[in-house]
Amino acid sequence: MTGSGEGWLSDGLDVPGADSGLWVSGVDYIAGWHEAREAADRFNRALLGAGFELSAARAVASTNEDGRGVVRLTGWPGAVERLAQLLEARASSDGGAA
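Because the structure is predicted, anything quoted here is derived from the model rather than measured. (Residues numbered from 1 in each chain as written. Predicted model: local features only at pLDDT ≥ 70, side-chain atom pairs only at ≥ 80, totals over all residues. Heavy atoms only, no water.)

### Things to note about the pattern of salt bridges
Just so we agree on the cut-off: Should a side-chain nitrogen of Lys or Arg be within 4 Å of a carboxyl oxygen of Asp or Glu, the pair is scored as a salt bridge. Secondary structure follows DSSP: runs of H or I at least 4 residues long count as helices, runs of E at least 2 residues long count as strands, and numbering of each begins at the N terminus. In this scheme, a residue with accessible area under 20% of its type's maximum is buried, one over 50% is exposed, and one in between is partly exposed, where area comes from a 1.4 Å probe on protein chains only.
Counting across every chain of the model gives one salt bridge. Residue Asp41 pairs with Arg37 through a salt bridge whose shortest N-O separation is 3.2 Å. Within this pair, Asp41 and its partner Arg37 are both found in helix α1 (residues 29-49), separated by four residues, close to a single helical turn. Exposure class is identical for Asp41 and Arg37. Each is buried.

### What to know about the confidence of the model for the protein chain
The condition that has to hold: The predictor reports its confidence for every residue as pLDDT, a score running from 0 up to 100. Note on contacts: a residue pair is in contact if any heavy atoms of the two residues lie within 4.5 Å.
Across the protein chain, the average pLDDT comes to 82, with 73% of residues at or above 70. Counting contacts from residues 1-10, a segment whose pLDDT is below 50, to residues more than four positions away or on other chains yields 21 contacts.

### Some points on a nonpolar patch on the surface
Convention followed: Grouping into patches uses exposed residues only, defined as over 30% relative accessible area, and leaves out salt-bridged ones; the cut-off is 9 Å for like charges and 5 Å for nonpolar side chains (Val, Leu, Ile, Met, Phe, Trp, Tyr). Accessible surface is estimated by sampling points in the Shrake-Rupley manner with a 1.4 Å probe; for residues, cover comes only from the protein chains shown.
Taken together, Phe43, Leu73 and Val80 make up a surface patch of nonpolar side chains, about 220 Å² in accessible area. Here Phe43 lies in helix α1.

Structure (structure tokens):
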């Protein structure tokens, strides 16, 4: 993927509380993160295709404490508002079907 906001390349395994020693032995955090990373990359490609800069809004891969993949949306409030407007317009144009 390309675009402004190249910092997504340096996103790492982001486990909340990892600094606090909340890593649980035997939990496969990497598999969950890889799944989340694939979904985040797809979402980021969609954002780029819709004209967003990844420095303004982007999806970030993470995991929860159980090792399950999590994708978080992060961005400037204005960009997130614009994304919400696009999603609302899409929902109203097709009766809310996804």
